[in-house]
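Next come the chains, spelled out residue by residue.
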Amino acid sequence: MARFSGVILGLALLAATAFRSVNAIFDDEVNGIDWQLSNIGDYKCVVPASRTTHNDQFVILSDLGDHSLLSWVNKTNGELLDRLPLNYKVEDIMVTEKNEIILQKGDASYFAIDSLNGFDIQYDALGFISSCSPDLSLVQVREGKLKVLDSDKEYVVYHRQLPENFSGIKYFENREDGSFDLITSTSDGKYQFLELDNSNITKEWERDESLANINAFAFVSSKDPLTSKIFSEISKEESMSVLDAYKFRISQTSQRLKDYLQERKFSIGTIFKEFFQEDDDLTKLHRDINFGLLKYLIVATDKGKIVNLDVRNGKQLWSVETGLKDIYRMEASMLDSELFVVTKSGLSMLLEISAIEKEPFILKRSKQLDVELAEPFDNGNFLYVKSKDGAKSVINNRVTSGDEEIYFLDHDDKRLSASFLKNSTIEDTWNVELSEDEEIRAFSYRDQSPVVSLGNILGNRTVLYKYLYPHLAAFATVDKSSNSLTVRIIDTVTGELVHTVLHENKVALASPINVVFGENWCIYTYFSIEPVPEQKIGVIELYESPTPNERLSETSLEADAISHADKPHIIQNAYIYPEVIKNLALTQTKFGITIRSVILELENGQIAYLPKFILNARRVEESKMTADDKKEFMFSPYASSIPINDHTILTHHKRVLSGPNSYLASVPTNLESTSIVCSLGHDLYCTRISPSSQFDKLKPRFQKGNLLSTILGLLVTCFFVRPMVDTKKLKTKWLVKD
Amino acid sequence: MAESIPSWANNLCDPDYAKKIKVISSNSLPLPPGFKRASITNAKGVSKGPQAAQKEDLVKLVVQKAWQIAFQPAKSIPMNMVVSYMSGSSLQIISITTAVMFVSNPIKSIASIRQTFKPVQGNKGAESQVMLAMAIYIVFQIILMGIGIHKLNSMGLIPNTKSDWLFLEKPTMYKEKSYGF
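Residues numbered from 1 in each chain as written. Chains lettered and ligands numbered in written order. Predicted model: local features only at pLDDT ≥ 70, side-chain atom pairs only at ≥ 80, totals over all residues. Heavy atoms only, no water.

Keep this limit in mind: UniProt positions are given in the numbering used here, feature names are shortened, and annotations may be inferred rather than shown by experiment.
In the annotation of an unreviewed UniProt entry, chain B is listed under the name ER membrane protein complex subunit 4 and assigned to Lachancea nothofagi CBS 11611. Checking UniProt for chain B, the heading Sequence similarities (unreviewed entry) contains the comment "Belongs to the EMC4 family." Note on chain B: under the UniProt heading Subcellular location (unreviewed entry), the record states "Endoplasmic reticulum membrane".

Looking at an unreviewed UniProt entry, one finds chain A named ER membrane protein complex subunit 1 and attributed to Lachancea nothofagi CBS 11611. Comment text from UniProt for chain A, heading Sequence similarities (unreviewed entry), reads "Belongs to the EMC1 family." Its UniProt record gives chain A the following Subcellular location (unreviewed entry) comment, quoted word for word: "Endoplasmic reticulum membrane".

This is the structure:
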């Protein structure tokens, strides 16, 4: 009997693990890792979406860069329903009784759209009466108070104290039954809506538009006490002998185990319960800090507001009004304890942010001449400043050894200018002036993250050595007279031209041109009209030599950039992409082992990514591929057009309107597989990306229950089967039949 | 136990059982028809000629046996070649273990070569021939190992190319720093 019960129990346990609920097909993280702040911007005009009495939507006109944006907002709760970016600038709008919105452009030409669905409609020019200026005859603003009068202007129907920073009334509609709608604005970019019926507030909401249009940003990592403890332990180990270090590590780890058990009072039940229950918020927070997923995104808006956001969910932690409308760079320095803020007008500020969740205070303010360019470098410890008259200087935020040789290259639309710093004096070295018709449209300095592999490993296990000379930059210029694009790669120390690519196929000058420079490759995008209007992506790769296994660079420890004479072997290729690419960025990961990817912000408001192995300059047609080529990692035959794979769209159903001056940034987390990507501009959007899948992280739905119960089932089965086997063996020895 | 103990078990335990068994000497039995009893005493007296011949026969036999042992691994060469060809060069646990076994088995065989050749050793006359057979045996084992090594190499598991040691190479360091904006 015992045997049967044991086997049945074991089988039942195994079956229980096998038949547990099937897990979700869709990744449950998808909606948890990204967030978007959809902004409208400054309300230029607010109109009702329809003239009917049951209208429940507003149409709001605002600016998106140089063009206009129409937004539909739910009147009941202030929720944004839809946005329609226009490709022209609208000066004034009018809503007709037929639910048409007539848009007046600056040159007095008109467009019309349906106010309920945003479709273009035919417009027959009638008299244009602006709907933008509300009739404020019944509203009085006096001595910080707002009063609304009845239609005979005899009685005050409603009055309220206005906030200090009240800036105006954006919308007022008085209906016949005496109820009215009111939208007021404050100078900090907030808009308040009120609906009053018989002097009772029936609806009320507020929209915060102060975060639209980001001028500068900085990422600050959260401090993890555990990581710093482990770091200090490892550095301690380094000073010991191997045996002592081993003993030390064992003692530390066992101490940690002891603490863990003591915390749970040695109760196995508690540990098991903890293991199976859903993680609470505190554990999740600790894990996010540990994995480096918790970062603080500090942004500065064009109105001078500096806001700290939690990069996981976009929650505001604090905000300060600086009044500086031309903040142009921000950089966290001194191990993320200080924030350096630089403005165009030459003012700079140092904010203390070591208590990152608390409001910062100003440590120092300084003023330079009118700066044309101010760039912090070396983790914000130095500031490179170029004034309007071309004088360059380097400002030290702290004292360091000054005998380092540092080369700088800065650029504006027309020229590149290089300089050289030694012993705290800066000297001009060379500059490149472009011809009159030429203009620099994109510039990218070579990515300086550490190099993991010195070469590409080919299919026959030979190595094609990468050209890893660090002082390189790429820039793209357009020639307005011939509509051509030139991409040049230049040595930033000597100014030597390394490579030039010329495209004369009628490049569309108005569309965006981007360049990024990774370790030994440069990717640029442009739109050209000929032979077919298409978005093109060019790839330039630099190798030491075309022959595999041939290394030309010196293996000695230190080389000299000035006497550096090796020329790269260049391979290039071009691809076609189905959407217009607005912005480019490279993914950054902690160690650079994960496959590098290019993040593409598309003109249609989507953000996609392409792994570098797709944008490979060495791809050839299938007929030309050898058997060895096919063995190379992720090597695929050349196909000129790159399709958009749905899995590579990071924004999935969302649409990011980032405006023309947006930033696309990637920051590494503590997980090598994962990088945080943010698009900051008119809208704010952040997500996480794992270009080589999440190889260092278990899925949140990892079946640890199944795993454990299988092990447990096997143990129980063994427990019952073992004595049975022993008896059987003994009986055989004694020649005893059952 | 209710069952009776088998009689052979009883006999086995009985120390006097062996003495009780009646032994009939074969000498006392009559020979089958047509057979003559050989005279052992006669054989001793005969000259040493046939004995030497017998010894030579033994050497011959030992050498033959030694060569047989030596050629044993050769028989598995075609077999191993077919197996290694059929198992493909994809990196899977089965094909990796087969390939590793192709290499490790010959090493084991060579290490236990004395054990393998024990039956034919100890004969002074055949020693040189046996040594030669052992050498051939080793050669065949090395060929077998070669098949395994070739297999491992075709799977890319032997670090014999530059790409395998790329991680040890250091990039060129430049003493200047540069920044571009």
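Some remarks on a nonpolar patch on the surface
Formally: Surface patches are drawn from residues lacking salt bridges whose relative accessible area is over 30%; two like charges belong together within 9 Å, two nonpolar side chains (Val, Leu, Ile, Met, Phe, Trp, Tyr) within 5 Å. Reported accessibility uses the Shrake-Rupley method at a 1.4 Å probe radius. Residues are deemed covered only where the shown protein chains occlude them. The salt bridge criterion pairs a side-chain nitrogen of Lys or Arg with a carboxyl oxygen of Asp or Glu, the two atoms within 4 Å. The helix count covers DSSP runs of H or I at least four residues long, the strand count covers runs of E at least two residues long, and both are numbered beginning at the N terminus.
Together, Leu698(A), Phe702(A), Leu707(A), Ile711(A), Leu712(A) and Leu715(A) make up an exposed nonpolar region whose accessible area comes to about 600 Å². In this fold, Phe702(A) is placed in the loop between strand E46 (684–689) and helix H7 (704–733).

Side note on the side chain of Arg488(A)
All names here are of chain A. Heads up, the rule is: In this scheme, a residue with accessible area under 20% of its type's maximum is buried, one over 50% is exposed, and one in between is partly exposed, where area comes from a 1.4 Å probe on protein chains only. Any pair of residues with heavy atoms lying within 4.5 Å of one another is described as a contacting pair.
Mapped onto the fold, Arg488 is located in strand E34 (residues 484–491). Overall, the relative accessible area of 17% leaves Arg488 in the buried class. Beyond its immediate stretch of four places on either side in the chain, Arg488 contacts Leu434, Glu438, Ala473, Ala474, Phe475, Thr477, Leu497, His499 and Thr500.

Re the sheet that holds strand E44 (residues 663–668) of chain A
Residues and elements named next belong to chain A. Note the threshold: A pair of strands is labelled paired if DSSP reports no fewer than 2 bridges between them. Every axis corresponds to a line fitted to the C-alpha atoms, with the helix fit spanning only the stretch in contact, and the corresponding angles, defined between N-to-C directions, vary from 0 to 180 degrees.
The antiparallel open sheet is built from four strands, whose spatial order is E1-E46-E45-E44. Looking at which strands have only one partner, the edges of the open sheet turn out to be strand E1 (35–37) and E44. Each adjacent strand pair in this sheet contributes to an overall mean axis angle of 15°, direction not counted. Direction of pairing for E1 relative to E46: antiparallel, over a ladder of three bridges. Following the sheet pairing, Trp35 is matched in E46 by Cys686.

Topic: the interface of chain A and chain B
Test applied: Once two parts are brought into contact, the accessible area they lose, counted with a 1.4 Å probe and summed over both, makes up the buried area. N or O atoms closer than or at 3.5 Å make up a polar contact, with two conditions inside protein: a donor-capable atom paired with an acceptor-capable one, and, for residues adjacent in sequence, both atoms drawn from side chains. When residues are grouped by polarity, Ala, Val, Leu, Ile, Met, Phe, Trp, Tyr, Cys and Pro land in nonpolar, Asp, Glu, Lys and Arg in charged, and all others, Gly among them, in polar.
In this assembly, 41 residues from chain A lie in contact with 24 residues from chain B. Considering only the side of chain A, the residues that lose the most area to chain B are Leu454(A), Arg461(A) and Ala559(A), jointly responsible for 21% of the buried surface there. Here chain A and chain B share two salt bridges between them. As a salt-bridge pair, Arg551(A) and Glu169(B) come within 3.0 Å of each other at their nearest N and O atoms. At the junction of chain A with chain B, the criterion picks out 14 residue pairs in polar contact (both at pLDDT 80 or more). Those elements that provide at least two residues to the side of chain A that touches chain B are strand E24 (371–377), strand E27 (406–411), strand E30 (438–445), strand E31 (455–457), strand E32 (463–465) and strand E39 (558–559) of chain A. Looking at the side of chain A that touches chain B element by element, the count peaks at six residues for E27(A). Its residues assigned to classes, the side of chain A that touches chain B comprises 21 nonpolar, 10 polar and 10 charged.

Remarks on the state of the cysteines
Residues and elements named next belong to chain A. This is how the line gets drawn: Any cysteine sulfur atom paired with another within 2.5 Å is treated as part of a disulfide.
Across all of its chains, the model carries two disulfides over all chains by this definition. A sulfur-sulfur separation of 2.0 Å characterises the disulfide bridge that pairs Cys45 with Cys132. Of note, the bridge from Cys45 to Cys132 carries an S-S torsion of about -105° and is left-handed in sense. Placement of the pair is Cys45 in strand E2 (residues 45–48) and Cys132 in the loop between strand E8 (110–114) and strand E9 (139–142), with a sequence separation of 87 residues. In this structure, Cys45 and Cys132 share a single accessibility class: buried. Residue pairing for Cys678: its cysteine sulfur links by disulfide to Cys686, the two sulfurs lying 2.0 Å apart. Judged by the torsion about the S-S bond (110°), the Cys678/Cys686 disulfide is right-handed.

Topic: the side chain of Gln192(A)
Residue and element names in this part refer to chain A. Position of Gln192 among the secondary structure elements: in strand E14 (residues 190–197). Here Glu206 takes part through its side chain, which lies 3.0 Å from a polar atom of the side chain of Gln192. Each residue touching Gln192, except ones within four places of it in the same chain, is listed here: Leu182, Ile183, Thr184, Ser185, Thr186, Trp205 and Glu206.

With respect to the domain arrangement of chain A
This is how it is decided: A domain assignment, automatic or from a database, supplies the domain bounds used here.
The domains assigned to chain A are domain 1 (39–208), domain 2 (223–289), domain 3 (436–554 + 565–649) and domain 4 (707–737). Here domain 1 of chain A and domain 2 of chain A have C-alpha centroids that lie 58 Å from each other.

Brief notes about the nonpolar core
All names here are of chain A. Formally: Only buried Ala, Val, Leu, Ile, Met, Phe, Trp, Tyr and Cys residues count toward a nonpolar core, and they belong to the same one when joined by side-chain atoms within 4.5 Å.
Judged by nonpolar contacts, the single largest core of 27 residues is most densely connected at Leu472, Leu485, Ile489, Ile513, Tyr524, Ile540 and Leu542. When residues of this core are traced back to their parent elements, those giving at least two are strand E33 (472–479), E34, strand E35 (497–503), strand E36 (514–517), strand E37 (521–528) and strand E38 (534–543). In terms of residues, this core owes the most to one element, E33, which gives four residues.

Things to note about the pairing of strand E20 (residues 327–333) of chain A
Residue and element names in this part refer to chain A. Counting buried residues along E20, five of its seven residues qualify, which places the element largely inside the surrounding structure. Pairing of E20 with strand E21 (residues 338–343) involves six bridges; the strand directions are antiparallel. Following the sheet pairing, Arg329 is matched in E21 by Val342. Hairpin connection, E20 to E21: the antiparallel pair is bridged by four residues, and Met334 has positive phi, about 50°.

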